[in-house]
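Per-entry structural report
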Protein chains: 2
Amino acid sequence: LSAEGARLRESAIRRMGALMANAPDLISFAPGYPDESLFPWDAFREITARLLASEDGRAMQYGATRGYRPLVETCVELMRDRGIAADPADVVVTTGSQQGLDLIGRVLCDPGDVILMELPSYVGAISAFQNIGADLVGVPQEADGLDLEALDAVTRRLRADGRAVKALYTVPNFQNPTGLLVGLEKRRALLEWAARADVLIIEDDPYGALYFDDVTRPEETRAIAADADPADARVIYLSSFSKTLVPGLRTAWIAAPPPIAVKIELAKQSVDLCTSPFDQRVVHAACRDGVLARQLPVLRAAYREKRDVMATALESALGAAVRWTMPRGGFFLWVQLPDGLTGDALLARAHARGVIYVAGEPFFVDGRGQEFVRLAFSSASHDRIGEGIRRLAAAINEADRA
Amino acid sequence: LSAEGARLRESAIRRMGALMANAPDLISFAPGYPDESLFPWDAFREITARLLASEDGRAMQYGATRGYRPLVETCVELMRDRGIAADPADVVVTTGSQQGLDLIGRVLCDPGDVILMELPSYVGAISAFQNIGADLVGVPQEADGLDLEALDAVTRRLRADGRAVKALYTVPNFQNPTGLLVGLEKRRALLEWAARADVLIIEDDPYGALYFDDVTRPEETRAIAADADPADARVIYLSSFSKTLVPGLRTAWIAAPPPIAVKIELAKQSVDLCTSPFDQRVVHAACRDGVLARQLPVLRAAYREKRDVMATALESALGAAVRWTMPRGGFFLWVQLPDGLTGDALLARAHARGVIYVAGEPFFVDGRGQEFVRLAFSSASHDRIGEGIRRLAAAINEADRA
C-alpha cells in the first residue's frame, strides 16, 4: 500500500450509513440526505423519456471532461443569479462536490501543505484533504463565522514555522455541521484577509439556496466569490445539484480561476474522464425547464418546517438540558449535549433505542467537539422526526442517570 | 500548485476529442468510442420509465460507496461466466474504469514507485498512474504478449537499484492500442512470474467480450484472474459496461483481494462518495433483463464487420505501404507507417484532409512508437470508414512525395 492507502479512513457519516442499512425501524438523523418525498419524479420521467426518444447518441457516449456545454452555461447562469461573474472557462462539472474537493486538493496540495479549516467543518472535505496528505489546521468560529484574529495568528505561526498555507476551506451558508450563516461583514473581511495573507479561499456552497425566509434574507447568502476581484484569482467556488435537485445524479460544479480550472480539468481526465453525460443532460433539462426554480421555494418551506418540528420536539423533550442555535437554512441542527456526556458515549444507547446521528468529534480537525452531535432534520418525515427526538431524549436521560 | 498539479498532462486521446468537436465533416478514428447506432435505446426507455415510475427514492438518493448491491452481484455473475471466482466483498463499482485505475494507483503507489507497463499500453492508464506520481517502466511485447525474459530482467534491474516494483498493468484481451490477444500459455506464465517476483497484476479487461468469432474462440479470452490462486491475492481485475452497453452511464467495476478492495472503497468515499445510483440501476436492469446478453453477439458481429471494412480499405488504398496485424477482437487497428513517416508528422496533413487518429508515441512510456498510428474502427459507419481510409491514404501518399 501507498502512504495514502495506509492513511485512508472511513468517514463518520458513511459509517453511519452502514449502520442504518441494517435496521428498518431505525430513525436516522445521521447523513444529510435530502427528502426523497420531494424529488420531482414527474419531471424526471418526462425529461428522461424525451432525452431517450431523441436517440441522440451523445447522451450515452463519452463526453467532454469540462462537462456538457449547455450545463456549463447553466452553472454560469446560476452563479450570475448569486452575484458571481463567472465564465464557462472557469467551470468544471464534477461527479458531485465530493469529487470537486478531491480534485482541488490534488491540484493544489503536496503532502504536508496546510489547508485551514473551520472548527468544526464538513467531514467530507476533511476526508478528501486528509487523504491527499494535506495537513489540516483548525481555526475557531464565532457567532458570525471565523475568528479573524485567530485566523491571522494561526497563519503567521504556520508561516513562521516554514509551512505552506495553501487555502482556507469555508462553508459560509448554513454550514455543515453547525448550520451557521457567516455574516456579510465577515465575508468581506475574509476576502481582504485572504488577499493580504495570499491564501486561496475554497468556498463550498451546497446549501445557499436553502435559506429559511422567516429569519434569512436571500442577500445574506451572498457568495464570497461574488465580491472577489477576478484579477486577484482568489476564490474557488463549489456548488451542487445534490441538495436542490437530487444527489443520485452525482452532478455538481467548480468555478475556479482559469489557470486552476485547466489543471482541475486535466486531473479529472485521469480521474473519471467525464461526469455521466446522461445525468448531466437530465440535470440540465431540469434547470432549463424550470424544475429547479419551482423546487426551491418548495424545499425552503419544507425544510424550514422540518427544522421547526425538530426544534419544537427538542425543546419539549429536553428543554434546557441541551443547547443549540436555531438554523437559518440548510439541513442541520448542531446540538451541545448535557455536561459530561459525549456524542460517542451516547451513540450506543441511542442506537439501541432506534435513533442515530453523527457525533461531533469527526468535524473537528483538532480532535475536540466530543460534546456535540449533528442532527439532520432534512430526510425524516415530521412524525419520524418527533419520534426520533423522543428516542434521543430517552437515551440522554438514561445516560444522565447512569 | 502541487507537484501533481504541475505534472498533469492532457491525454492524447482527449486532445483529439477537442480537435474533433470543431469539424463536422471530420472522420475520427481517434477515440475508442462504441458505435452509437448500436445503443439499446428501446431498452433504456423501458428501464428508465419503470425505475422512475416506482418513485423509489433510493434511485435518486446517495448510495453505498461499494455500489448498488444488486449490480455488485451482477458483476460477480459476469465474472463467474468468465471463469473468475469472485465474491461481493471483492467488488467496488467505479465511475468508469478510468476511476478504477486512478483509485488503484492511489491506494498502491507512492510517488516514485514503479508500475510495469506493456509497450505500447493504454494512454488512460498511463495518465492515471503518471498523475499520481508512479514511475512507469515499459516492457516490450512479442506476438503473444509480454516478453517474459525482458520482464524478468527489467524487474531485477529495478530492484537492484532499490526501486519498489508494485504492479504490472496489462490488457490481455484485444489490447488498446495494438488489438493484441495475449496467448493462454503466456497468461499462465505471467501469473507464475508475478507470484515468483511478488508483483501485483492489474488486469484491465474492457474488450474481452468483444472477440471476433471468425478467428477467436471465447476460451482464448480467459482472464488471468480466472487462474489466480485466491490465497495468493495476486490479481486486481477491472472490467466495464462502457464498451458493451454504453459509456455514458459511467459504470465499471474492480474486483480486488478484499484488503485492497476495502482501501479502494475508502479512497472512493472521499473521491465521489458513490457512482450515480440512477445509472447503476439502469445498468443493473439492462443486465438482469438480458439486454447485455442480447447486445453481445450483435456487437461482435458489427465490430468484426467494421474491422473487415477498414482492413479491406487499407489494403486497397495502401497495400504494402503500411503494416498491421489483423485484430481478433476489440476496437483498434494498429498501423505501422511507411519508413521515415511519423504519426505526429502525418497528423496535420490527415486533419487537413478530414481524418484523425491517435499517433503512436503517447502509448509508449519509453518515448518510442513514432512510426505507429492507432485507428479505431468502432465508431464510424462503413461508408465513413472507407472514406476516412481513402483520406488517410491520400495524406500518406502526399507525405511520401514531400
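What counts as what
Residues numbered from 1 in each chain as written. Chains lettered and ligands numbered in written order. Predicted model: local features only at pLDDT ≥ 70, side-chain atom pairs only at ≥ 80, totals over all residues. Heavy atoms only, no water. Helix = DSSP H or I, 4+ residues; strand = E, 2+ residues; numbered from the N terminus. Rg over C-alpha atoms; globule rule 2.2 N^0.38 Å. Buried < 20%, exposed > 50% of the residue type's maximum accessible area, 1.4 Å probe, protein only. Contact = heavy atoms within 4.5 Å. Buried area = accessible area lost by both parts, 1.4 Å probe. Salt bridge = Lys/Arg side-chain N within 4 Å of Asp/Glu carboxyl O. Polar contact = N/O pair within 3.5 Å; in protein donor to acceptor, adjacent residues only side chain to side chain. Nonpolar A, V, L, I, M, F, W, Y, C, P; charged D, E, K, R; others polar. Least-squares fit on C-alpha atoms with pLDDT ≥ 70 in both. Phe/Tyr/Trp six-rings, centres within 6.5 Å; stacked < 30°, edge-to-face > 60°. Core = buried A, V, L, I, M, F, W, Y, C linked by side-chain atoms within 4.5 Å. Expected span 1.5 Å × (residues − 1). Pairing = 2+ DSSP bridges. Disulfide = S-S within 2.5 Å. Axes fitted to C-alpha atoms, helices over the stretch in contact; angles between N-to-C directions. Parallel < 35°, antiparallel > 145°, perpendicular 65-115°, else oblique. Left-handed = near helix turned anticlockwise from the far one by under 90°. Right-handed = clockwise from strand over helix to strand, strands pointing away.

Once that is clear, we can look at the overall build of chain A. Broken down by element type, chain A carries 13 helices and 14 strands. For a compact globule of 402 residues, the expected C-alpha radius of gyration is about 21 Å, and chain A comes in at 21 Å, within 12% of that figure. Put simply, chain A has 402 residues, and 65% of those count as buried. In chain A, of all internal contacts separated by at least 6 residues, the share reaching a separation of at least 24 is 75%.

Contacts between chain A and chain B engage 68 residues on the former and 68 residues on the latter. At the boundary of chain A with chain B, total buried surface from both sides reaches about 6000 Å², with 55% on carbon and sulfur atoms. Seen at the junction of chain A and chain B, the total is 6 salt bridges. If you look at where chain A meets chain B, you find 40 residue pairs in polar contact (both at pLDDT 80 or more). Counting residues per element, the ones that place at least two in the side of chain A that touches chain B are α1 (3-7), α3 (41-53), α5 (96-108), α6 (123-131), α9 (258-272) and α10 (277-288) of chain A. Counted by class, the side of chain A that touches chain B contains 29 nonpolar, 20 polar and 19 charged residues.

The next point concerns the environment of aspartate 339 of chain A. Residues and elements named next belong to chain A. When you line up the elements, aspartate 339 lands in the loop between β11 (332-336) and α12 (343-352). On the basis of relative accessibility, which here comes to 73%, the residue aspartate 339 falls in the exposed class. Linking aspartate 339 and alanine 321, residues 18 residues apart in sequence, is a C-alpha distance of 8.7 Å.

Let's shift gears to the relation of the copies chain A and chain B. Each copy of the sequence occupies a distinct position, and chain A is placed on chain B by a rotation of 180° and an axial shift of 0.0 Å, giving an RMSD of 0.0 Å. Both copies of the chain, as the preceding transformation shows, are related through a two-fold rotation axis. A share of 100% of the interface residues of chain A reappears at the interface of chain B, consistent with the copies meeting face to face through the same patch.

Our next topic: the packing of aromatic side chains. Residues and elements named next belong to chain B. A full pass over the atoms with the stated rule returns 26 aromatic pairs over all chains. Look at tyrosine 303 and phenylalanine 331: their rings are 4.8 Å apart centre to centre, the planes differ by 50°, and that puts the pair in the tilted class. Taken together, the residues tyrosine 303 in helix α11 (residues 291-318) and phenylalanine 331 in the loop between β10 (323-324) and β11 (332-336) connect sequence positions 28 residues apart. Of the residues examined, phenylalanine 331 reaches a relative accessible area of 0% and is grouped as buried.

Buried together is how nonpolar side chains tend to be arranged in soluble globular proteins. Formed by 288 residues in total, the largest nonpolar core has its most connected members in Leu116, Phe129 and Leu375 of chain A together with Leu116, Phe129 and Leu375 of chain B. No other element matches α11 of chain B, which puts 11 residues into this core. With residues up to four places along the chain from it excluded, the contact list for leucine 375 of chain A reads Phe29, Met310, Leu314, Phe331, Phe332, Leu333, Val335, Tyr357, Ile389 and Leu392 of chain A.

For the rest of this paragraph, the subject is helix α7 (residues 148-160) of chain B. Because each turn of an α-helix spans 3.6 residues, side chains separated by three or four positions end up pointing in the same direction. Residue and element names in this part refer to chain B. With 13 residues, α7 extends 18 Å between its outermost C-alpha atoms, agreeing within 8% with the 18 Å of an ideal straight helix rising 1.5 Å per residue. For α7, the complete set of buried residues consists of Ala150, Leu151, Asp152, Val154, Thr155 and Leu158. For α7, the secondary structure elements touched by its buried residues are β3 (114-119), β4 (135-142), β6 (165-170) and α8 (184-197). Its side-chain oxygen placed 3.0 Å from the backbone nitrogen of glutamate 149, aspartate 147 serves as the N-cap of α7. Two residues or fewer after α7 comes glycine 162, characterised by a positive phi angle close to 80°.

Here we come to the pairing of strand β8 (residues 235-240) of chain A. Each regular strand displays side chains that alternate between the two surfaces of the sheet. Residue and element names in this part refer to chain A. By the criterion of burial, β8 is predominantly enclosed, with 6 of the 6 residues buried. The side-chain alternation of β8 yields two buried faces, one formed by Val235, Tyr237 and Ser239 and the other by Ile236, Leu238 and Ser240. As paired strands, strand β7 (residues 200-204) and β8 are joined by 4 bridges and run parallel to one another. Considered in β8, the bridge of aspartate 204 is made with leucine 238.

On to the pattern of salt bridges, then. All names here are of chain B. The full count for this structure, using the stated rule, is 71 salt bridges over all chains. A salt bridge links arginine 156 to aspartate 152; the shortest N-O distance between them is 3.1 Å. Of this pair, arginine 156 and aspartate 152 are both found in helix α7, 4 residues apart, which corresponds to roughly one turn of the helix. A salt bridge links arginine 307 to aspartate 214; the nearest nitrogen and oxygen atoms lie 2.7 Å apart. Of the two residues, arginine 307 is situated in helix α11 and aspartate 214 in the loop between β7 (200-204) and β8 (235-240); the sequence distance between them amounts to 93 residues. On the basis of relative accessible area, arginine 307 is assigned to the buried category, the value being 1%.

Residue and element names in this part refer to chain A. Strand order across the open sheet formed by 8 strands is β2-β9-β8-β7-β6-β3-β4-β5, with mixed pairing between neighbours. Two strands close off the open sheet at either side, each with one partner strand: β2 (91-94) and β5 (145-146). In this structure, strand β3 (residues 114-119) lies alongside strand β4 (residues 135-142), joined through 6 bridges in parallel fashion. Within β4, the residue paired with leucine 116 across the bridge is valine 137.

All names here are of chain A. Going through the model one piece at a time under the given rule, you end up with 0 disulfides over all chains. Unpaired in this structure, cysteine 287 has its nearest cysteine sulfur neighbour in cysteine 75, at a distance of 7.4 Å. Taking relative accessible area as the criterion, cysteine 287 reaches 16% and is therefore assigned buried.

All right, on to the packing of helix α3 (residues 41-53) of chain B against helix α10 (residues 277-288) of chain B then. All names here are of chain B. At their nearest, the axes of α3 and α10 sit 10 Å apart, and the two run at 120° to each other. Accordingly, the angle class assigned to the pair α3 and α10 is oblique. Helix-helix and strand crossings are classified by hand; for α3 and α10 the assignment is right-handed. Here α3 contributes Phe44, Ile47, Thr48, Arg50, Leu51 and Leu52 to the contact with α10, which in turn contributes Phe278, Arg281, Val282, Ala285, Ala286 and Arg288. Classifying every residue of the contact of α3 with α10 by side-chain character gives 8 nonpolar, 1 polar and 3 charged.

Once that is clear, we can look at the sheet that holds β11 of chain B. Pairing between the strands of a sheet comes from backbone hydrogen bonds, and it takes one of two forms, parallel or antiparallel. All names here are of chain B. Here 4 strands make up an open sheet; going across it, the order is β10-β11-β14-β13 and the pairing antiparallel. Strand pairing shows two members of the sheet lacking a second neighbour, β10 and β13 (358-359), which therefore form its edges. Pairing of β10 with β11, which is carried by 2 bridges, proceeds in the antiparallel orientation. Bridge pairing in β11 links arginine 323 to glutamine 336.

Let's shift gears to the side chain of arginine 374 of chain A. Here arginine 374 of chain A is to be found in strand β14 (residues 372-376). Engagement of the side chain of arginine 374 of chain A in a polar contact is seen with the side chain of asparagine 176 of chain A, the distance being 2.7 Å.

Residue and element names in this part refer to chain A. The buried fraction of β3 amounts to 6 of the 6 residues, a majority that puts the element mostly inside the structure. Read from β3 through α6 to β4, the crossover connection turns out right-handed. With 4 bridges joining them, β3 and strand β6 (residues 165-170) adopt parallel strand pairing. Counted as the bridge partner of isoleucine 115 is alanine 167 from β6.

Now for the environment of isoleucine 104 of chain A. Position of isoleucine 104 of chain A relative to the elements: it lies in helix α5. Separated by 25 residues in the primary sequence, isoleucine 104 of chain A and phenylalanine 129 of chain A place their C-alpha atoms 8.8 Å from one another.

Bringing α5 of chain A into the picture now. Between its first and last C-alpha, α5 of chain A extends 19 Å over 13 residues, near the 18 Å set by a 1.5 Å rise per residue. For α5 of chain A, the tally of buried residues reaches 13 of 13 residues, placing the bulk of the element in the interior.

Okay, the packing of α5 of chain A against α9 of chain A next. All names here are of chain A. As a packed pair, α5 and α9 sit with axes 9 Å apart at the nearest point and diverge in direction by 115°. Between α5 and α9 the crossing geometry is right-handed. Residue-level inspection shows Gln99, Leu103, Ile104, Arg106 and Val107 of α5 in contact with α9, the latter providing Lys263, Ile264, Ala267, Lys268, Val271 and Asp272. By residue class, the composition of the contact of α5 with α9 is 6 nonpolar, 1 polar and 4 charged.

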